[in-house]
Amino acid sequence: MPWTYRHASREWRAFLDDVKDRMCLESDNMAYTAVDAVLQVFRRRLTAREGLEFASVLPSVLRAIFVHSWDVTAPRATFDDREKLVAEVKKIRVNHNLTPDNAIEATAWAVRRCTNGRDFERVLAGLPEEARDFWHVDVADPAELEQRIV
């Protein structure tokens, strides 16, 4: 059995705590809404093949959230600047969305801490440059992004 299935709750809890802390959110629901919106905005800009390759390196719960209700027949959106992408994130579930301006960056930071870095970078290398930029995180110490749950 894959480790991520056996320890799905533990991985999810660590990820959600990272997101809540990074976004200064108070509840799991707020964090979930922000992450779900970030993942939706990103996947709109991928082909189904690209999206499934990306999802394959995510922990099991994030993988499920990423593909849930994805209409792979919808036209592919283009990448915009970060400000426009954040605005799009904030429009998802607008009545329940208290997503902060750092939602994409905070989600990227937390995703990097819960994935195998080599696998994540390998998948990103096969995606368009704008997709790689979407998940870029600036940190002073690269150890900050090392996988927490191994």
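Preceding this paragraph is the structure being described.
Residues numbered from 1 in each chain as written. Predicted model: local features only at pLDDT ≥ 70, side-chain atom pairs only at ≥ 80, totals over all residues. Heavy atoms only, no water.

Enquirer: Sorry if this is basic, but what is going on with the overall build of the chain here?
Expert: Each helix and strand in the chain was counted, giving nine helices and zero strands. C-alpha atoms of the chain, sized along the principal axes, occupy 35 × 35 × 30 Å. Buried positions account for 46% of the 150 residues belonging to the chain. Considering only contacts in the chain between residues 6 or more positions apart, those separated by 24 or more positions represent 69%. Element-wise, carbon and sulfur atoms account for 50% of the exposed surface of the chain, whose accessible area totals about 8200 Å². Where the 22 positive side-chain charges of the chain centre and where its 25 negative ones centre are 5 Å apart. (Helix = DSSP H or I, 4+ residues; strand = E, 2+ residues; numbered from the N terminus. Buried < 20%, exposed > 50% of the residue type's maximum accessible area, 1.4 Å probe, protein only. Contact = heavy atoms within 4.5 Å. Areas by Shrake-Rupley, 256 points an atom, 1.4 Å probe, with all protein chains shown as cover. Lys, Arg positive; Asp, Glu negative; His and termini not counted. Charge placed at Lys NZ, Arg CZ, Asp CG, Glu CD.)

Enquirer: Can you help me understand helix H7 (residues 103–114) in this one?
Expert: Side chains of residues three or four places apart in an α-helix project in the same direction, reflecting 3.6 residues per turn. In a regular helix each residue adds 1.5 Å, so twelve residues correspond to 16 Å; H7 covers 16 Å between its end C-alpha atoms and thus fits that length. Counting buried residues in H7 gives eleven out of twelve residues, a clear majority hidden from the surface. Those residues of H7 that sit buried are Ala 103, Ile 104, Ala 106, Thr 107, Ala 108, Trp 109, Ala 110, Val 111, Arg 112, Arg 113 and Cys 114. Buried residues belonging to H7 abut helix H2 (8–23), helix H3 (28–43), helix H5 (60–67), helix H6 (82–91), helix H8 (117–125) and helix H9 (129–134). (Expected span 1.5 Å × (residues − 1).)

Enquirer: When you look at empty space enclosed by the protein in this model, what are you seeing that I'm missing?
Expert: Unfilled space is identified by rolling a water-sized probe across the atoms. On inspection of all chains with the given rule, the structure shows two cavities of 30 Å³ or more. A volume near 40 Å³ is recorded for the largest cavity. Taken together, Ala 8, Glu 11, Trp 12, Phe 15, Pro 59, Ser 60, Val 61, Leu 62 and Cys 114 form the lining of the largest cavity. Within the residue set of the lining of the largest cavity, elements represented by two or more residues are H2 and H5. Element by element, the count of residues in the lining of the largest cavity is highest for H2, at four residues. (1 Å grid on protein atoms, 1.4 Å probe; cavity = no way out; pocket = protein on both sides within 12 Å on 5 of 7 lines; lining within 4 Å. Points joined across faces, edges and corners; volume = space filled by probe spheres on them.)

Enquirer: Would you mind showing me how to read the packing of aromatic side chains here?
Expert: For any pair of aromatic rings, the description rests on two quantities: the centre-to-centre distance and the angle between the ring planes. Throughout the structure, instances matching the rule amount to 13 aromatic pairs. By the ring-pair criterion, three or more aromatic residues cluster together here, those being Phe 42, Phe 54, Phe 66, Trp 70, Phe 79, Phe 120, Phe 134 and Trp 135. It is Arg 22 that lies over the ring of Trp 109; its NZ or CZ is 4.1 Å from the centre. The ring of Phe 134 carries the charged tip of Arg 82 above its face, separated from the ring centre by 5.7 Å. (Phe/Tyr/Trp six-rings, centres within 6.5 Å; stacked < 30°, edge-to-face > 60°. Lys NZ or Arg CZ within 6 Å of the ring centre and 35° of its normal.)

Enquirer: Before we go on, may I ask you to explain the pattern of salt bridges in this structure?
Expert: Any two side chains of opposite charge can pair if their charged atoms end up close together. Applying the stated rule across the entire model yields 13 salt bridges. A salt bridge links Glu 144 to Arg 22, with the nearest nitrogen and oxygen atoms 3.4 Å apart. With a gap of 122 residues between them, Glu 144 in the segment after H9 and Arg 22 in helix H2 connect regions that are remote in the sequence. Several salt bridges converge on common partners, so that one network encompasses Arg 13, Asp 17, Lys 20 and Asp 28. (Salt bridge = Lys/Arg side-chain N within 4 Å of Asp/Glu carboxyl O.)

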